[in-house]
Amino acid sequence: MKKIQKGKSDTMERKNVWTDYTKKELKDLERLNKKYREFLNEGKTERECVRVAVKMAEKAGYRNLADVVAEGETLQAGDKVYSVNMKKSVTLFQIGKQPLEQGMAILGAHIDSPRMDVKQNPLYEDTELAYLDTHYYGGIKKYQWVTLPLAIHGVIVKSDGEVVEVCVGEDEKEPVFCVTDLLIHLAHERMEKKADKVIEGEALDILFGSRPLKGEEKDAVSKNVLSILKEKYNVEEEDFLSAELEIVPAGKARESGIDTSMIMAYGQDDRVCAFTSLVAMLEVENTEHTTCCMLVDKEEIGSVGATGMRSNVFENTVAELLDRLGQYSDLALRRCLANSKMLSSDVSAAFDPTYASAYEKKNAAYFGRGMVFNKFTGSRGKSGSNDANAEFMAQIRGILKDANVAYQTAELGKVDIGGGGTIAYIMALYGMDVIDCGVAVLNMHAPWEVTSKADIYEAKKGYVVFLEKIF
């Protein structure tokens, strides 16, 4: 039987790539995935991801675009710059040899993930138990978030502008938190409810303390909690009004499976694509066209707000870039965006045989078969979709085939069952070619998600090829 090479097939069937790897490739794969686990452990929130990305970028020779602008410097081919937006999104550029109006090769991923956010007036006490009130963020199955060990990450900004960093629950010496659940012996009526009603959104409150402050009669547990916060962070209850505190699963990213072929971790949607896009961006050098990597916020709630893709921040940043290159005009900006080509680096649902009825097997993504392209997303009749051009997909197929990169195509579940959105349709508003491309994920949007190391490796390779060869 003729051997099917990675990225090369005489049939529509895609081969599992694990058996084709050389010893060197396996070492490279493990090295990349070790760095990926470290990235996940350091970046459980948008702010943390941006901090890690900037550190990696500066190590690779990137400079802050704001400094370039402030100092009145100019840019030229080969220069590397980054721009941070409100500490929750970051965009990197490497200037190519061709004028910017000829377009950029863009990788765009999001770094926000489903979680729970602490409300602005969160602290309350009930029967000598202190709680923090939360509001869940993004699409979650609420029942998955009870009884788990949880950590609190974020910032508290005091009225004088002082920023207090908070991270509690990741170190084994630190306490963890949880949302309580009703024991099975008393839960007969609750168990008869629909899954989306078993745990109500307002019931996702964090158990925060139980020890009363000595000498206090009323709200003694809450007062003890506040005394601890005052001692440890020098913050008052009122400082919750200007805090961003995110509740995420406590614990590190881990290898999964007896063969250690997978990774289980929180936030892999979409940090698996953010990491591979970032690493690819830092790896490429001396390209003809300018390359760009965007790591953005708010995708899980519709890309809204000043740090989401719907804002004008990206367009404004490209305008600054054109200005520093001495190429700015409104027409040059419009041409640059329209002539660009982009991979919307976002995850896809991996086929799960336990729930096979939700998938259409011929058009599903599978572990170990490489990076995944979704020509269109949306739901039902492709509502809310970016439907990529066939010519663009054909061009991508050609460069991946030449580079021996394994890839597959998929839809997110059966018609009228599946669907989902990315940032692709937003970038397509500029008239550029865009297609969704990422890594297959099991347990998507659950507290702990699972990916294949091989798919992560192939995605990074594919992103490098895209940046180098798409023009």
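Our subject in this report is the structure included herewith. (Residues numbered from 1 in each chain as written. Predicted model: local features only at pLDDT ≥ 70, side-chain atom pairs only at ≥ 80, totals over all residues. Heavy atoms only, no water.)

Time to look at unusual backbone geometry. With an omega of 15 degrees, the peptide bond between Asp269 and Asp270 qualifies as cis. Within the secondary structure, Asp270 is located in helix α7 (residues 268-283). Phi at Thr147 is positive, roughly 65 degrees, even though this residue is not glycine. Mapped onto the elements of the fold, Thr147 is located in the loop between β6 (129-137) and β7 (150-157). (Helix = DSSP H or I, 4+ residues; strand = E, 2+ residues; numbered from the N terminus.)

Now for the pattern of salt bridges. Enumeration according to the criterion identifies 33 salt bridges in this entry. Glu38 is the salt-bridge partner of Lys34, the closest N and O atoms lying 2.9 Å from each other. Of the two residues, Lys34 and Glu38 both sit in helix α1 (residues 23-42), four residues apart, roughly one turn of that helix. Judged by relative accessible area, Glu38 falls into the partly exposed class, the value being 36%. The partner of Glu216 in a salt bridge is Lys223, and the shortest N-O contact between them spans 3.0 Å. Judged by relative accessible area, which is 34%, Glu216 ranks as partly exposed. Overall, the relative accessible area of 34% leaves Lys223 in the partly exposed class. Several salt bridges converge on common partners, so that one network encompasses Glu30, Arg37, Glu255 and Lys453. (Salt bridge = Lys/Arg side-chain N within 4 Å of Asp/Glu carboxyl O. Buried < 20%, exposed > 50% of the residue type's maximum accessible area, 1.4 Å probe, protein only.)

What follows is about the sheet that holds strand β21 (residues 440-442). Taken together, five strands build an open sheet; the order of strands is β11-β12-β22-β21-β15 and the sheet is mixed. One side of each edge strand has no neighbouring strand; the edge strands of this open sheet are β11 (254-256) and β15 (348-349). Against the sheet, α1 makes contact with β11, β12 (262-265) and β22 (449-452), and its axis sits at roughly 0 degrees relative to β12, the strand it touches most. Against the sheet, helix α12 (residues 453-469) contacts β11, β12, β21 and β22, and its axis sits at roughly 65 degrees relative to β22. (Pairing = 2+ DSSP bridges. Contact = heavy atoms within 4.5 Å. Axes fitted to C-alpha atoms, helices over the stretch in contact; angles between N-to-C directions.)

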